[in-house]
Amino acid sequence: MISIAKGENKNVFVSFVSSFLEEMKTKRVIHSIKVGMALVLVSLLYLLNPLFKQVGENAMWAIMTVVVVFEFYTGATLGKGINRGIGTVLGGGLGCLAAILADQIGGIGNHVTVGFSVFIFGAGATYCRTVPRIKRRYDYGALIFMLTFNLVVVSGIRVEKVVELARDRLATIGMGFAICMIISLFIYPIWASDELHYSMASRFNKLSTSFQGKFNEYFTITNEKENKQETDGAYIEACKAVLNSKSNDEALANFAKWEPWHGKFGLNYPWNKYLEIGEYLRELGALVLSLQQCIQSPKQPTSMQRQTMKEPCEILIISVGFILKELGENMKKMNRCQAKTLLSPNLQSLNLQFTPLCSSSKIGGILQTDEVHLAVASFSFLLMQIVERVEILAKKVEELGELAEFSPPNPNAKYEFIS
């Protein structure tokens, strides 16, 4: 049998974290340079007299657009720019109509019409911002709509000048957005889709290493005092990173939906399936963290009793770790996963071999107290739950491969577990 050395696992985690931080630092520097370039280009509307004569003071709207719209990810920039454009056009257009209508009515009716239109459209846009599906993708557009509509309606400018003002501001906003998109798309683009895909694939390996590390920790502790004191921050931090990934996954998936076709990520790509896989990975991470509580429980079997339990557990744990790594590798390389080949009959047979350990008669033959009996039963139950989650994950990854049209699997591929 093979056991994983703790020092080796720590080195793996440290290496991964270091490379990830270095990559993110490089991307942050590149993003900062790109924003600086965009600001220099848009400032030319002020600095060059021929351009300034064309746009005048409206050039500030182009600068404001660059500052507000340019985001870290290309998809975020595109989504925010489109939202700003749509919100400006709708807000300005409806604002012009409301202003024209109020001007035609005249007198006290002018003020009543303006107040009524501001209330209706402001309340309607605010309500739309509270709807989850709209808020995720169009919250910024609704905000810009309210701002533009109110500025146009209550500005007090004569009707004949409203259309001209809206046209000029929309033109300068379009200039700023065009500069943002050209730089974001053609100068070292940072894709949210790549970030989501590779970060999701890396979590399989994180959980595999953490899971096997917990197993190694459980069966190598020699006494209860050491059991209470022995901790491994790398394993815990890896699981916590998986558990805290939901908001980041949802944001990246939202940005990825705005991105154009690039690489292997086409239009209508199944990003929602990534979110579904992320949910199961978080459930698996919670179960792995629960193993930590079993290890730290004050009532534990002795070292000799654990060695008796070790043999039926070891193959199962190594097999689960192997499957998780294979799933992550297939997902990273965008190869279709053969869930039936990977899981059957390996996990099913191992599952059947492990089940008798959970029975009271088997545990009673090994252990002496009800407290220790309960501790081992809890440990065994968590293992069974982890096996179930791994089976579901394999099927979900297979479904993703079919929907995303990953490379077809090798029909001659055989999976051999380490023993």
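Residues numbered from 1 in each chain as written. Predicted model: local features only at pLDDT ≥ 70, side-chain atom pairs only at ≥ 80, totals over all residues. Heavy atoms only, no water.

Peer 1: I keep staring at the overall build of the chain and nothing clicks. Help me out?
Peer 2: For the chain, the helix and strand inventory stands at 17 helices and zero strands. A buried classification covers 46% of the 419 residues belonging to the chain. Contacts in the chain between residues at least 24 apart in sequence constitute 83% of all its contacts with a sequence separation of at least 6. (Helix = DSSP H or I, 4+ residues; strand = E, 2+ residues; numbered from the N terminus. Buried < 20%, exposed > 50% of the residue type's maximum accessible area, 1.4 Å probe, protein only. Contact = heavy atoms within 4.5 Å.)

Peer 1: Sorry if this is basic, but what is going on with the packing of helix H4 (residues 74-105) against helix H6 (residues 132-153) here?
Peer 2: When two helices pack together, their arrangement is given by the angle between their axes and by how far apart the axes lie. Contact geometry of H4 with H6 gives a least axis separation of 7 Å together with a crossing angle of 30 degrees. Relative to H6, H4 is oriented roughly parallel. Like other packed secondary-structure pairs, H4 and H6 cross with a definite hand, here right-handed. Contacts between H4 and H6 involve Lys-80, Asn-83, Arg-84, Gly-87, Thr-88, Leu-90, Gly-91, Gly-92, Leu-94, Gly-95, Cys-96 and Ala-98 from the first element and Arg-137, Tyr-138, Tyr-140, Gly-141, Ile-144, Phe-145, Thr-148, Phe-149, Val-152 and Val-153 from the second. Its residues placed into classes, the contact of H4 with H6 shows eleven nonpolar, eight polar and three charged. (Axes fitted to C-alpha atoms, helices over the stretch in contact; angles between N-to-C directions. Parallel < 35°, antiparallel > 145°, perpendicular 65-115°, else oblique. Left-handed = near helix turned anticlockwise from the far one by under 90°. Nonpolar A, V, L, I, M, F, W, Y, C, P; charged D, E, K, R; others polar.)

Peer 1: Just to check I follow, could you spell out helix H3 (residues 59-69) for this structure?
Peer 2: Residues lying three or four places apart along an α-helix face the same way, a consequence of the helix completing one turn every 3.6 residues. All of the buried residues along H3 are Ala-59, Trp-61, Ala-62, Thr-65, Val-66 and Val-69. The buried side chains of H3 occupy one side of the element, clustering within an arc of 160 degrees when seen end-on. (Arc of directions from axis to C-beta.)

Peer 1: Help me understand the packing of H4 against helix H5 (residues 107-130) in this model?
Peer 2: In the contact formed by H4 and H5, the axes pass within 7 Å of each other and the chain directions differ by 155 degrees. Here H4 is positioned roughly antiparallel relative to H5, judged by the angle of their axes. Crossing angle aside, the handedness with which H4 passes H5 is right-handed. Along its contact with H4, which presents Leu-94, Ala-98, Leu-101, Ala-102, Asp-103 and Ile-105, the element H5 presents Gly-107, Gly-109, Asn-110, Thr-113, Val-114, Ser-117 and Phe-121. Per-class residue counts for the contact of H4 with H5 are seven nonpolar, five polar and one charged.

Peer 1: Is there a simple way to explain the nonpolar core in this structure?
Peer 2: If you look at soluble globular proteins, the nonpolar side chains tend to sit buried side by side. Membership of the largest hydrophobic core comes to 52 residues, with the highest contact counts inside it found for Phe-204, Tyr-274, Ile-277 and Ile-386. Among the elements of the structure, helix H8 (192-220), helix H10 (233-243), helix H11 (246-258), helix H12 (271-296), helix H13 (303-333) and helix H17 (370-403) are those that each provide at least two residues to this core. Sequence-distant contacts of Ile-277, that is, excluding residues within four places in its chain, are made with Met-200, Phe-204, Met-331, Leu-393, Lys-396, Val-397 and Leu-400. Core analysis: the next-biggest nonpolar cluster, separate from the first, contains eleven residues, Ala-38, Leu-45, Val-55 and Ile-179 among them. (Core = buried A, V, L, I, M, F, W, Y, C linked by side-chain atoms within 4.5 Å.)

Peer 1: Explanation requested: the packing of aromatic side chains in the structure shown.
Peer 2: The geometry of an aromatic ring pair comes down to the distance between the two centres and the angle between the two planes. In total, this model carries eleven aromatic pairs according to the counting rule given. Relative to Tyr-269, the ring of Phe-265 lies with its centre 5.2 Å away and its plane at 80 degrees, an arrangement referred to as edge-to-face. Of the two residues, Phe-265 and Tyr-269, neither departs from the other in class, the shared state being buried. For the pair Trp-271 and Tyr-274, a centre-to-centre distance of 5.2 Å together with 40 degrees between the ring planes defines the contact as tilted. Of this pair, Trp-271 and Tyr-274 both sit in helix H12, separated by three residues, roughly a single helical turn. Residue Trp-271 is classed as buried on the basis of its relative accessible area, which comes to 4%. By relative accessible area, which is 0% here, Tyr-274 ends up buried. Each residue in the set Phe-265, Tyr-269, Trp-271 and Tyr-274 is aromatic and connected to the rest through ring pairs, giving one cluster. One residue, Lys-80, lies across the ring of Tyr-140, its end atom 5.1 Å from the ring centre. (Phe/Tyr/Trp six-rings, centres within 6.5 Å; stacked < 30°, edge-to-face > 60°. Lys NZ or Arg CZ within 6 Å of the ring centre and 35° of its normal.)

Peer 1: What's the story with a nonpolar patch on the surface in this structure? I'm lost.
Peer 2: Where nonpolar side chains cluster on the molecular surface, the patch consists of Val-29, Ile-33, Met-37, Ile-182, Phe-186, Ile-187 and Tyr-188 and spans about 700 Å² of accessible area. Breaking the nonpolar patch down by element, the ones donating at least two residues are helix H1 (6-47) and helix H7 (159-186). In this structure, Ile-33 sits in helix H1. (Patch = residues over 30% accessible without salt bridge, like charges linked within 9 Å, V, L, I, M, F, W, Y side chains within 5 Å. Areas by Shrake-Rupley, 256 points an atom, 1.4 Å probe, with all protein chains shown as cover. Salt bridge = Lys/Arg side-chain N within 4 Å of Asp/Glu carboxyl O.)

Scope: geometric values only; no functional claims are made or implied.
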